[in-house]
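Structural description and commentary
Now for the letters of each chain:
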Amino acid sequence: MATPGGPSQGNFNPNVDPNVLANDMQNLQINNQNQQRSSNIGGGIFRPPHNTPFHQQTPPFTGSQPAIPPSGVLPRVPSPSNGPRQNTLPSNMVSARRSGRPPVAHPPPFASRPSPPGALPSSIGEPAVSSSSGIGPWQGPFPFSPLTSGPAPLPRASISGSLGNVPCTFTPGQITGGPRFPPATSSSMPRPEVVLPQSPTILPSGPSPQPPQMRPSYGIPPAGATSAMGRPPPPFSAPPNVRTSPGSSPFSAPVQGMLQASGSPYGMQTWPPQTQQPATSDYVVKDAGNCSPRYIRCTVNQIPCTADLLSTSGMQLALLVQPLALQHPSEEPIQIVDFGETGPIRCSRCKGYINPFMKFVDQGRHFICNFCGFTDETPRYYLCNLGPDGRRRDADERPELCRGTVEFVAAREYMVRDPMPSVFFFLIDVSVNAIQTGATAAACSAITQVLIDLPDGPRTLVGIATFDSTIHFYNLKRALQQPLMLIVPDIQDVYTPLESDVVVQLAECRQHLEILLDTIPTMFQNTRTADSAFGAAVKAAFLAVKTTGGKLLVFQSVLPSIGIGSLSSREAEGRTNVAAGEKEAHKLLQPMDKIMKTMAIEFAEHQVCVDLFITSQTYVDIASLSVVSRTTGGQVYYYYPFSAISDPAKLYNDLLWNVKRPQGFEAVMRVRCSQGIQVKEYYGNYCKRLPTDIDLPAQIDCDKTIMVSLRHDDKLQEGSECVFQCALLYSTVYGQRRIRVSTLSLPCTNMLSNLFRSADLDTCFTCMLKQAANEIPSAPLAQVRDHATNVCINILYSYRKLCATVFSSGQLVLPEAFKLLPLFVLALLKSSGLLPDGRIDDRSFWISYVSPLAAPLVVPLVYPRMIVLHDLDEKESDNVVIPTSVPLSSEHICDEGVYLLENGEVCLIYVGNSVQPNVLQKLFGISSIEDISNQFVLQQLENPLSKKVNAILNEIRRQRCSYLRLKLCRKGDPSGMMFFSYMVEDKNLGSLSYVEYLVHIHRQVQSKLTNI
């Protein structure tokens, strides 16, 4: 047995099969028709190259400060397809059981611990990577990171003295800034002079002339890479070759002389200003005690000591927790520690988990909890002498004492039952609408292809049912010559026939299931049944998996009209109310009744998750249907209007990523805080049965984010640290029970200027957007829009009044961290969720979509990326796949041009009326724009321009971990109007332009100043 905290042999995770995603999701030759499988309908497949270096082995954990692996190398080794049983140790797992005398290792000198300039605090209990010690070029699908060309060496963290735990540090690297400020405009309206003060209260940053970059999203699986969750992380693209000098960025090296003394007995003696790595930047994280910003982000990186100080700033105190976020390939894997049957070391009072910020005293015989301050006795098997710096001599050899994120093997006491198997139950709508639109055939084709990628082994179970006005189960036992249909006609008091034969092992029924999926579209091709018993079908499928738990993947095409949970159309009523001034229109965004909610709570209690794939061409009342997914921790996918030509490819890729992304089952999460701070509320897709915990039944995956709002319940001490810990208890896909613990420690301050200096714009705006989405169903839309603008005004007013030096009254003074806040708020007001007009289902889907959305994807959603395509042949690419984007203003669009616009969900290609025929011929193979079909599928032609455009689209889809629905837009028709509605900086849709909005904000700030 390995020594507790000692070196692990190889760093592979038993929950990871490096080949699962490698063969399907990385090489995005999705527009090349020759790359498609024969069974794929109009779509493409992610295929990773086989010459990637992702299978190179990483060195074992050796303690101290491991070197950063070279860029582009993913430190993983292949793992077996079936993980070891609960009582076995994988090669990257450290045993905490001791058989002899505690190992004694001399720690580095006191002044050799890295200090945290611009460090991102870590959090506890949620998956985290280390604090970033360097921002370097990396290849990645983060939607918030700029795409660039080749890798560059990663800078090392600076060294300074610190006591106890060490948070991660950021050093200047390759970054790109946000949109230029103020924007160019053709408007003649006078605008206020905008001043970005170079004040000692902030770290100055020069604005970039580029608009916010859309970055690759979390979730694209990398080739052969393995993660601690049991799935490979995504491939990453290198950052742009744009380097800014230190001091020109809000997250560059700290200004000397700004260190604060710390009076806390738990950790650091000095704290430089905490500056968060922006969610929309490329960076590599090195864990030095604080967890990675990919896992936990805080709205401010210095915590206000009092509630009054926070209120004065106009900001909110909140965390964004993404427990299973994907790591960068160059980052070290999360270490797994096994304490045996005793379980991990915890505080006996508050139950906080051991972490780098707990302080050992009395020669290591006791430790002080950094949450409640209670002094506990150290277990005898965990004793170790302290060094001259007060740290344990073995601290650098124990991952739980030197890493912000660590994963513990759960003892038997953490299990109510044996870990659940991987259960996938497919439920397909076969009503006449679904058959005629091709939705049923597309669903069957997607499921057939995905079966190849489901985990092998006896722990993978599958089942299938179809439904219209009745429910049809299928006996998939191998002994039968062919699947046997079992019809359930009672849709009021549903039941499951032959439960043991409806859900069976995949290996046993694969052949029968493939035959059945090929047969279903023709079996129901002559149906005349228009009704849909959605509620009854979901309830019956739940009964089939109730004993084990699992995932229900439901394909729905029409409004449920019969049986349990039947609904009636409210769309006409909604249009009338919108036209009448929206007095009660927001109630149409609430569920019609409580039946779906009651069912969902029962599903969650039995660890059943529901994912909805809505392939509709009419109103389906997403407000009511999405309750089931939201409460059970699932997700809603929306294809409106569904096209049998262009949408099957996206449906397949969405389903593939849904079942293959890093995920865990039977999860429970809790966030703990230091004394003086407590959790106020959680936001996201979950079920809450206890006041302190949230249940994530059946599924918690790498894409889901939980927002945690915080509040003061006592005054904090100036200079002390405030610690947050997220603990996630979950089961791996291979049946191991784990506890992922992430710890974040931030300094406390009494200075308002420090709050503005350390504010994280991306996190603040993401929290603002999620709160707005949460309010839309319960408040008039005008009130929600006004509230978003008032939040922006209050923040800028507080800074102008209390922090900024004296400026002319005609100047709009913006804090460096919030210089783009007005632009983002304006973009939010023009998004589909907050537009005064629009379809009820579109707004309901927007609310459902943003609820679990990660910070890196929020800014791209409201401020998309626009790229010029027609002149790609004239530009030198410098090995950059995606060229520089242009601002979202119509003045940058000409009638002779072709443009691509994407927001992570849809991709629009706009073609002007005067485009040169040779450009049309190269891109689309036609000579006139009238020849392009409305059912548009982009083909790759044998010319350089077409290959470049397809390469750009493939790279965007890989980055976003989403296939992106492709739509053609032409000037003069409704599609062209839709394209120009994304021009956020223009005056459109009855709303203000960017310059007009700045003027409005400035006048409101002036009004508040004069009314003091």
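Residues numbered from 1 in each chain as written. Predicted model: local features only at pLDDT ≥ 70, side-chain atom pairs only at ≥ 80, totals over all residues. Heavy atoms only, no water.

**Quick word on the overall build of the protein**
Secondary structure summary: the protein contains 21 helices and 32 strands in total. Here the protein holds 1012 residues, and the buried ones make up 66% of them. Taking all contacts inside the protein whose residues are at least 6 apart in sequence as the whole, residues at least 24 apart take part in 80%. Surface summary for the protein: the accessible area is close to 33,500 Å², and the carbon and sulfur share equals 51%. (Helix = DSSP H or I, 4+ residues; strand = E, 2+ residues; numbered from the N terminus. Buried < 20%, exposed > 50% of the residue type's maximum accessible area, 1.4 Å probe, protein only. Contact = heavy atoms within 4.5 Å. Areas by Shrake-Rupley, 256 points an atom, 1.4 Å probe, with all protein chains shown as cover.)

**With respect to the packing of helix α10 (residues 622-632) against helix α16 (residues 840-850)**
Where α10 contacts α16, the axes come no closer than 9 Å and their chain directions differ by 15°. Here α10 is positioned roughly parallel relative to α16, judged by the angle of their axes. In this structure, the crossing between α10 and α16 has a hand that is right-handed. Together, Ile622, Ala623, Ser626 and Arg630 of α10 and Asp841, Ser844, Phe845, Ile847 and Ser848 of α16 make up the contact between the two elements. Grouping the constituent residues of the contact of α10 with α16 by class yields 4 nonpolar, 3 polar and 2 charged. (Axes fitted to C-alpha atoms, helices over the stretch in contact; angles between N-to-C directions. Parallel < 35°, antiparallel > 145°, perpendicular 65-115°, else oblique. Left-handed = near helix turned anticlockwise from the far one by under 90°. Nonpolar A, V, L, I, M, F, W, Y, C, P; charged D, E, K, R; others polar.)

**Focus on the confidence of the model for the protein**
Per-chain confidence: the protein averages 75 in pLDDT, with 70% of residues scoring 70 or above. For the stretch residues 1-275, pLDDT sits under 50, and the model shows 984 contacts to residues farther than four places along the chain or on other chains. The model gives residues 576-582 a pLDDT under 50, and that stretch makes 10 contacts with residues more than four places away or in other chains. (pLDDT = per-residue confidence, 0-100.)

**Let's talk about the sheet that holds strand β11 (residues 375-377)**
Within the open sheet, the 3 strands sit side by side as β9-β10-β11. Their pairing is antiparallel. Each end of this open sheet is capped by a strand with a single partner; those strands are β9 (359-361) and β11. The average angle at which neighbouring strand axes cross in this sheet is 30°, direction not considered. When strand β10 (residues 366-368) meets β11, the two strands line up antiparallel, connected through 3 bridges. Following the sheet pairing, isoleucine 368 is matched in β11 by threonine 375. (Pairing = 2+ DSSP bridges.)

**Some details on the sheet that holds strand β31 (residues 906-911)**
Taken in spatial order, the 4 strands of this open sheet run β29-β30-β31-β32, and their pairing is mixed. Two strands close off the open sheet at either side, each with one partner strand: β29 (865-868) and β32 (965-970). Going across the sheet, the axis of each strand differs from the next one's by a mean of 20°, ignoring polarity. Sitting on the sheet, helix α19 (residues 944-960) touches β29, β30 (898-902), β31 and β32, and the angle it makes with β29 is about 165°.

**Side note on the nonpolar core**
Counting residues in each nonpolar core, the largest one holds 154 residues, and the members touching the most others are Ile303 and Phe425. Among the elements that take part in this core, helix α14 (residues 781-802) stands out by supplying 10 residues, more than any other. One finds Val430, Ala446, Tyr637 and Leu655 within the second-largest nonpolar core, a separate group that totals 38 residues. (Core = buried A, V, L, I, M, F, W, Y, C linked by side-chain atoms within 4.5 Å.)

**A word on the pairing of strand β20 (residues 636-639)**
Residue alternation in β20 divides its side chains into two sets, Val636 and Tyr638 and Tyr637 and Tyr639, and both sets are buried. In this sheet, β20 lies alongside strand β19 (residues 608-615) in parallel orientation, the contact comprising 4 bridges. When the sheet's bridge partners are listed, threonine 615 is paired in β20 with tyrosine 639. Between the parallel elements β19 and β20, the chain passes through α10 in a crossover that is right-handed. (Right-handed = clockwise from strand over helix to strand, strands pointing away.)

**Brief notes about the pattern of salt bridges**
Summed over the entire model, instances satisfying the criterion amount to 31 salt bridges. Salt bridges here are not isolated pairs; linked through shared partners, they connect Arg392, Asp394, Arg398 and Glu400. (Salt bridge = Lys/Arg side-chain N within 4 Å of Asp/Glu carboxyl O.)

**Looking at the pairing of strand β15 (residues 471-475)**
Counting buried residues along β15, 5 of its 5 residues qualify, which places the element largely inside the surrounding structure. Burial along β15 is two-sided: Ile471, Phe473 and Asn475 facing one way and His472 and Tyr474 facing the other are all buried. Alignment of strand β14 (residues 460-467) against β15, held across 3 bridges, turns out to be antiparallel. From the neighbouring strand, alanine 465 faces β15, where its bridge partner is phenylalanine 473. With 5 bridges connecting them, β15 and strand β16 (residues 484-488) associate as antiparallel partners. Opposite tyrosine 474, over in β16, you have methionine 485 as the bridge partner.

**Some points on unusual backbone geometry**
Proline 641 follows tyrosine 640 through a cis peptide bond whose omega is -15°. Counting through the fold element by element, proline 641 comes out in the loop between β20 and α11 (647-660). Of note, lysine 351 is a non-glycine position whose phi angle comes to about 70°, a positive value. With relative accessibility at 39%, the residue lysine 351 sits in the partly exposed group. Unusually for a residue other than glycine, glutamate 666 sits at a positive phi of about 50°. Mapped onto the fold, glutamate 666 is located in strand β21 (residues 663-673).

**Looking at the side chain of arginine 672**
By the element assignment, arginine 672 lies in strand β21. For the buried arginine 672, no salt bridge is present, and the opposite-charge side chain at shortest range is aspartate 693, 6.4 Å distant. In terms of polar contacts, arginine 672 uses its side chain to reach the backbone carbonyl oxygen of cysteine 350, at 3.3 Å. What arginine 672 contacts, discounting residues up to four positions off in sequence, is Arg346, Cys350, Lys351, Gly352, Tyr353, Phe371, Val723, Phe724, Gln725 and Ala727. (Lys, Arg positive; Asp, Glu negative; His and termini not counted. Polar contact = N/O pair within 3.5 Å; in protein donor to acceptor, adjacent residues only side chain to side chain.)

**Here's the deal with the packing of aromatic side chains**
Each aromatic ring pair is summarised here by two numbers: the centre-to-centre distance and the angle between the ring planes. Counted according to the given criterion, the structure contains 19 aromatic pairs. Aromatic side chains tyrosine 638 and phenylalanine 845 sit 5.3 Å apart centroid to centroid with 45° between the ring planes, which places their arrangement in the tilted category. Of this pair, tyrosine 638 sits in strand β20 while phenylalanine 845 sits in helix α16, placing them 207 residues apart in sequence. The two residues tyrosine 638 and phenylalanine 845 agree in class, both being buried. An aromatic cluster of at least three residues, connected via ring pairs, comprises Phe339, Tyr353, Phe360, Phe367, Tyr382 and Phe408. Taking the ring centre of tyrosine 353 as reference, the NZ or CZ of arginine 346 above it sits at 4.2 Å. Sitting over the ring of tyrosine 640, arginine 839 keeps its end group 3.8 Å from the ring centre. (Phe/Tyr/Trp six-rings, centres within 6.5 Å; stacked < 30°, edge-to-face > 60°. Lys NZ or Arg CZ within 6 Å of the ring centre and 35° of its normal.)

**A closer look at helix α17 (residues 855-862)**
One full turn of an α-helix is made of 3.6 residues, so residues set three or four places apart face in the same direction. For α17, a buried count of 8 out of 8 residues is recorded, marking the element as mostly surrounded by other parts of the structure. Within α17 the residues assigned to the buried category are Ala855, Pro856, Leu857, Val858, Val859, Pro860, Leu861 and Val862. For α17, the elements touching its buried residues are β5 (296-298), β7 (318-321), α13 (761-775), α15 (821-829), α16 and α19.

**Thoughts on a nonpolar patch on the surface**
A cluster of nonpolar side chains, namely Met485, Ile487 and Met523, defines an oily patch on the protein surface of about 250 Å² accessible area. Along the chain, methionine 523 falls in helix α6 (residues 506-523). (Patch = residues over 30% accessible without salt bridge, like charges linked within 9 Å, V, L, I, M, F, W, Y side chains within 5 Å.)

**Some words on the environment of serine 848**
Along the chain, the position of serine 848 falls in helix α16. Expressed as a C-alpha distance, the spacing of serine 848 and arginine 630, which sit 218 residues apart in the sequence, is 7.4 Å.

**Quick notes on the state of the cysteines**
Inspection of the entire model under this criterion finds 0 disulfides. In this model cysteine 298 remains outside any disulfide bridge; the closest cysteine sulfur is found in cysteine 722, 8.2 Å from its own. As a non-bridged cysteine, cysteine 726 has cysteine 291 as the owner of its nearest cysteine sulfur, 8.6 Å distant. (Disulfide = S-S within 2.5 Å.)

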